[in-house]
Amino acid sequence: MTSASPTPSSTSCQDRPVAVITGGTRGIGLALARDLAATHHLVIGGRSSGSVDEVAASLPSAQGFVADLADCAPGGSLESALDALVPRLERVDVLVHSAGVLRNGTVADSPVQDWVDSMTVNVVAVAAITRALLPALRAAHGLVITVNSGSGFTATPASGAYCASKFALRAFSDSLRQEERGHGVRVTSLHPGRVDTDMQRELVEFEGAEYDAGAYLDVASVVRAARLAIDAGPDASVDLVSVRPRGWRPAGD
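Procedures and definitions
Residues numbered from 1 in each chain as written. Predicted model: local features only at pLDDT ≥ 70, side-chain atom pairs only at ≥ 80, totals over all residues. Heavy atoms only, no water. Helix = DSSP H or I, 4+ residues; strand = E, 2+ residues; numbered from the N terminus. Buried < 20%, exposed > 50% of the residue type's maximum accessible area, 1.4 Å probe, protein only. Contact = heavy atoms within 4.5 Å. Areas by Shrake-Rupley, 256 points an atom, 1.4 Å probe, with all protein chains shown as cover. pLDDT = per-residue confidence, 0-100. Core = buried A, V, L, I, M, F, W, Y, C linked by side-chain atoms within 4.5 Å. Expected span 1.5 Å × (residues − 1). Polar contact = N/O pair within 3.5 Å; in protein donor to acceptor, adjacent residues only side chain to side chain. Pairing = 2+ DSSP bridges.

K.L.:
Explain the overall build of the protein residue by residue, including any values.
P.N.:
Counting secondary structure elements, the protein contains seven helices and seven strands. In the protein, which comprises 253 residues, the proportion classed as buried is 50%. Taking all contacts inside the protein whose residues are at least 6 apart in sequence as the whole, residues at least 24 apart take part in 63%. Element-wise, carbon and sulfur atoms account for 51% of the exposed surface of the protein, whose accessible area totals about 11,800 Å².

In structure tokens:
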């Protein structure tokens, strides 16, 4: 299913810098969309047309981008959505990849589909969207932010599929940064530690622990870390930002 809601007539995307945010209906993506709403025209990406339209309607200047990122096959949901979106965007100043899936389980117990889903949504879809929007990013000397994880640095038990996808996402970001430097496109790999989001609740439930929101980063702190890269300006490349909860300690400390 695809959707491209019309840009509100009161504010044309030509009047504002453009920010495309996948996973823009919840968690970090939604928080960042709300933070940028005062200054940017937003393209809100999500899987459900209902949630995408609801968020887009609540913002001063926004349109929707609905696609199932697990369907990256030729002629599939993502390709169809990009075919509708790309001609509408002459420039993209900020592209935030915040959508992602979390598949828990040991290597022994995880079905192959968990690995396929993790790599497809967390890496392949990121590459496909970035590739399609590169001309618009180059036109704006734009910024790509890949929302990664501490799992992009350190693998942990019972999350091999997720960790592998986040290591791959970091490699993708590093390669893209080097390839696009001459075109003026900057790439930031953003690595939040555990954040108080729906995904975190799912993980804690899987671990069988009691959820304590105070033990995790507030989403607003991650937004501020992302703004460090966004506000740095086109002459500066913030290559990597790692932000952790205050009481976090690396394994072995």
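Structure shown, so let's carry the discussion forward.
K.L.:
For the confidence of the model for the protein, give the residues involved together with the corresponding values.
P.N.:
With 83% of its residues at a pLDDT of 70 or more, the protein shows a mean pLDDT of 89. This stretch, residues 1-11, has a pLDDT under 50; its non-local contacts, to residues over four places away or in other chains, come to 35 contacts.

K.L.:
Go over the nonpolar core, please, and point to the residues and values.
P.N.:
In this structure, Leu 42, Ile 145 and Leu 190 are the most contacted members of the largest nonpolar core, which totals 31 residues. Only strand S1 (18-22), helix H1 (27-36), strand S2 (41-46), helix H2 (49-57), strand S4 (94-97), strand S5 (143-147), helix H7 (219-230) and strand S7 (240-243) provide two or more residues apiece to this core. In terms of residues, this core owes the most to one element, H7, which gives seven residues. If we ignore the near neighbours within four places in the chain, the residues touching Ile 145 are Leu 95, Val 96, His 97, Thr 188, Leu 190, Ala 226 and Ile 230. In terms of nonpolar packing, the next biggest core, distinct from the first, is built from 29 residues, Ala 81, Val 126, Leu 176 and Val 185 among them.

K.L.:
Describe the environment of Val 101, and please don't skip the residues or the numbers.
P.N.:
When you line up the elements, Val 101 lands in the loop between S4 and helix H4 (112-140). Judged by its relative accessible area of 17%, Val 101 is buried.

K.L.:
Describe H7, and please don't skip the residues or the numbers.
P.N.:
The terminal C-alpha atoms of H7 lie 17 Å apart, and with twelve residues this matches the ideal 16 Å at 1.5 Å per residue to within 8%. Tucked inside the fold, the buried residues of H7 contact H1, S4, S5, strand S6 (186-192) and S7. The residue sitting at the N-terminus of H7 and contributing the capping side-chain oxygen is Asp 218; that oxygen lies 2.7 Å from the backbone nitrogen of Ala 220.

K.L.:
Go over the pairing of S2 with me, naming the residues and quoting the values.
P.N.:
Of all six residues in S2, six are buried; the element is thus mostly enclosed. Burial along S2 is two-sided: the residues His 41, Val 43 and Gly 45 and Leu 42, Ile 44 and Gly 46 are all buried. Two elements, S1 and S2, share four bridges in a ladder whose sense is parallel. Bridge pairing in S2 links Val 20 to Val 43.

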